[in-house]
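Observations on the model geometry
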Amino acid sequence: MRIAVVGGTGFVGSHVVAGLLEAGHELRVVGRGERSAALPPGLQVTHGDVVSGEGLEQAFEAADAIVNLAAVIRERGNQNFLTVNAEGPARVAAAAQRAGVRRLVQISAVGADPDPAFPYLFSRWQGEQGLIATDLEWVILRSSVVFGRGRGFFDQLARAISLPSPFLVIPGDGRALFQPIAAQDLARCLRLCVEDPERARQVYEVGGPEQLTLEQLTLEVARAIDREWFGISRRRPLHLDVRLIRPGALLMAKLLPDPLVTPQQLDLLGRPNATRLDAVRSCFGFDPVPVRGNLGYLRRPRRWPKLSA
Ligand SMILES: NC(=O)c1ccc[n+]([C@@H]2O[C@H](COP(=O)([O-])OP(=O)(O)OC[C@H]3O[C@@H](n4cnc5c(N)ncnc54)[C@H](OP(=O)(O)O)[C@@H]3O)[C@@H](O)[C@H]2O)c1
């Protein structure tokens with residue numbers, strides 16, 4: 001199939017692109033064009049912006065299906081929850097209709113919620129509604145947190161743990177449950193959604209085969225990167241009230257181009273991010289890999305956060 005992948009240059013996108021190419025599909029990667037280096041040889045970014053809508057229709061011409069991965073978890077200027085997450089999917093859908101493409105697979109997030117109390121989750125729900133309202137053959141794939149090579153949640157956690165501290169700082173009680181799914185497994189679910197017309201107008205939730213609390217995940221990452229801090233290799237968790245961490249997160253969000261955590265992300269760390277344990281097997285017919293024992297890819301030299309120029 002000819003598939004246009006919006007957001008194919010991102011963390012999840014790189015795995016999706018690899019999986020679709022391996023399955024023999026012909027791809028057009030669509031984005032704002034700022035991350036071309038991340039693509040496999042021979043692929044280039046075709047300009048298309050889900051905020052302005054520019055370039056989308058042309059980018060979708062002659063495609064059999066569209067995958068939309070574009071979303072932001074950190075707001076910056078006009079790249080925010082409203083413009084990208086809430087309104088972006090409807091803009092992609094409108095451009096798909098103009099280009100005559102019927103099939104559209106949208107990645108969303110477990111926890112997408114009509115309650116505006118959590119702006120990120122609310123924006124994902126709004127984005128879904130923008131698609132559901134159309135007569136396209138849409139599929140929505142809500143994912144729990146994703147692990148795998150690239151700059152995702154686990155990479156961020158590993159960077160936070162690498163900061164010089166005698167403790168593993170855990171925001172709040174650390175009891176919220178997460179169900180990490182491997183990026184390749186998510187990419188496989190997504191490919192099955194694209195390929196199978198029978199999946200049209202379905203909302204799926206996916207996660208890996210284990211549910212771990214934020215504290216367990218933090219310990220798992222600490223074990224994986226196996227980094228000593230002045231001879232202390234098994235650091236103890238220290239639970240800090242989110243209200244104490246928030247000012248630091250606010251400051252980082254203002255000063256750093258790539259902050260370790262933003263205030264909105266802090267709030268999300270206290271929310272459960274899990275679905276049925278057998279979600280992938282029952283909906284997609286295969287067993288996803290567990291996160292435990294599969295975080296070795298995080299071992300690599302220390303990278304400190306940089307100050308904004
Ligand atoms: N990572 C996770 O743990 C996780 C968990 C659940 C769901 N998801 C979902 O998976 C999807 C991908 O996430 P990710 O972690 O891979 O994020 P990411 O690395 O930040 O990638 C986001 C992608 O979206 C593109 N993009 C951003 N703004 C755009 C715009 N205005 N127009 C067109 N493209 C735009 C980016 O390309 P340019 O910057 O070049 O435009 C990039 O390719 C998202 O929908 C996310 O919510 C991820």
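I will try to describe carefully the structure that is included in this document. None of these values were measured; they are calculated from a predicted model. Every chain's residues receive numbers from 1 upward, in the order its sequence appears when written. Totals for whole chains, interfaces and linings use every residue, but because this is a predicted model, local features are given only for residues with pLDDT of at least 70 and side-chain atom pairs only at 80 or more, for both listing and counting. Side-chain figures throughout are based on the complete set of non-hydrogen atoms in the structure, without hydrogens or water.

The subject of this paragraph is the overall build of the protein chain. Going along the chain from the N terminus, every DSSP run of H or I of four or more residues is numbered as a helix, and every run of E of two or more is numbered as a strand. Each helix and strand counted, the protein chain has 11 helices and 13 strands in total. Computed over C-alpha atoms, the radius of gyration of the protein chain comes to 19 Å, within 12% of the 19 Å expected from 2.2 N^0.38 for 309 residues, which places it in the range of a compact globule. Dimensions of the protein chain, computed from C-alpha atoms along their principal axes, come out at roughly 60 × 45 × 40 Å. Only protein chains enter the area calculation, which uses a 1.4 Å probe; residues under 20% of their type maximum are buried, those over 50% are exposed, and those in between are partly exposed. Among the 309 residues that make up the protein chain, the fraction classed as buried is 50%. Between two residues, a contact is recorded if the distance between any of their heavy atoms is within 4.5 Å. Taking all contacts inside the protein chain whose residues are at least 6 apart in sequence as the whole, residues at least 24 apart take part in 78%. It is over C-alpha atoms that the radius of gyration is taken, and the globule rule equals 2.2 Å times the number of residues to the power 0.38.

We now examine the site of the ligand. Think of it this way: one heavy atom of a residue within 4 Å of a molecule or strand is enough to make that residue near it. Surrounding the ligand, one finds 26 residues, the nearest of these being T9, F11, V12, R32 and R124. The definition of a polar contact used here is a pair of N or O atoms within 3.5 Å, where within protein one atom must be able to donate a hydrogen and the other to accept one, and adjacent residues in sequence count solely through side-chain atom pairs. Within the contact set of the ligand, an oxygen atom lies 2.7 Å away from a backbone nitrogen or oxygen of V12. One of the side-chain nitrogen or oxygen atoms of Y120 is found 3.3 Å away from an oxygen atom of the ligand. Broken down by secondary-structure element, the contributors of at least two residues to the shell around the ligand are α1 (11–22), β5 (103–109) and α5 (119–132). Side-chain classes follow a simple rule in which Ala, Val, Leu, Ile, Met, Phe, Trp, Tyr, Cys and Pro form the nonpolar group, Asp, Glu, Lys and Arg form the charged group, and the remainder, Gly included, forms the polar group. Residues belonging to the shell around the ligand are distributed by class as follows: 11 nonpolar, 10 polar and five charged.

A few words now on the nonpolar core. Core analysis: the largest hydrophobic core is formed by 34 residues, its most contacted members being V5, L141, L190 and F284. Among the elements that take part in this core, helix α7 (residues 183–195) stands out by supplying eight residues, more than any other. Here L190 is in contact with V16, V67, L69, V105, I107 and L141, once residues within four sequence places are set aside. Counting 29 residues, the second largest nonpolar core, distinct from the first, contains L56, A63, V92 and L121. Here, nonpolar core means buried Ala, Val, Leu, Ile, Met, Phe, Trp, Tyr and Cys residues that are tied together by side-chain atoms lying within 4.5 Å of each other.

With six of seven residues buried, strand β6 (residues 137–143) lies mostly within the body of the structure. DSSP calls a pair of strands paired once it identifies at least 2 bridges connecting them. Here β5 pairs with β6 via seven bridges, running parallel. Across the sheet, residue A109 finds its bridge partner in β6, namely S143. Following the chain from β5 across α5 to the adjacent parallel β6, one finds a crossover that is right-handed. Here β6 pairs with strand β11 (residues 202–206) via five bridges, running parallel. Paired with L141 across the bridge in β11 is Y204. Handedness of a crossover: with both strands directed away from the viewer, a clockwise path from the first strand across the helix to the second marks it as right-handed.

Note on definitions: angles span 0 to 180 degrees between N-to-C directions of axes, and those axes are lines fitted to C-alpha atoms, for helices only across the stretch in contact. The contact between α1 and α7 brings their axes to 8 Å, and the two run at 60°. Here α1 lies oblique to α7, going by the angle between them. In terms of crossing hand, the pair formed by α1 and α7 is right-handed. In contact with F11, V12, H15, V16, G19 and L20 of α1, α7 contributes A183, Q184, L186, A187, L190 and R191. Oblique is the label for any angle not covered by the other classes, which are roughly parallel (under 35 degrees), roughly antiparallel (over 145) and roughly perpendicular (65 to 115). A crossing counts as left-handed when the near helix is turned anticlockwise from the far one by less than a right angle, and as right-handed when that turn is clockwise.

Despite not being glycine, A62 shows a phi value in the positive range, around 70°. Its place among the elements puts A62 in the loop between α2 (56–60) and β4 (65–68). Look at A62 and you get exposed, because its relative accessible area is 51%.

Basic side-chain nitrogens of Lys or Arg form a salt bridge, by our definition, when they fall within 4 Å of a carboxyl oxygen of Asp or Glu. Throughout the structure, instances matching the rule amount to 22 salt bridges. Here D64 and R2 are joined by a salt bridge, their closest N and O atoms 3.8 Å apart. Remark: R2 occurs in strand β1 (residues 2–6) and D64 occurs in the loop between α2 and β4; sequence separation between them is 62 residues. Taking relative accessible area as the criterion, D64 reaches 35% and is therefore assigned partly exposed. For the salt bridge of D135 with R102, the shortest nitrogen-to-oxygen distance reads 3.7 Å. Of the two residues, D135 sits in the loop between α5 and β6 while R102 sits in the loop between α4 (88–99) and β5, which places them 33 residues apart along the sequence. Classification of R102 as partly exposed rests on a relative accessible area of 38%. When salt bridges that share partners are traced, they join R74, R151, D155, R159 and D258 into one network.

Here we come to α4. Here a helix's expected span is defined as the number of its residues, less one, multiplied by 1.5 Å. Look at α4: 16 Å from first C-alpha to last across 12 residues, which is about the 16 Å you get at 1.5 Å a residue. Residues of α4 that are buried: G88, P89, V92, A93, A95, A96 and A99. Axial view of α4: buried residues confined to an arc of 165°, hence all on one face. Considering only its buried residues, α4 is in contact with α2, β4, α3 (81–86), β5 and α5. In the segment just after α4, G100 is the residue with positive phi, at about 80°. The arc in question is traced by the directions running from the helix axis to the C-beta atoms.

By the element assignment, C283 lies in helix α11 (residues 279–284). Between the alpha carbons of C283 and V206 there is a distance of 8.6 Å; along the sequence they are 77 residues apart. C283 has contacts with R199 and Y204, leaving out every residue within four places of it along the chain.

The values reported here are purely geometric and, on their own, carry no functional implication.
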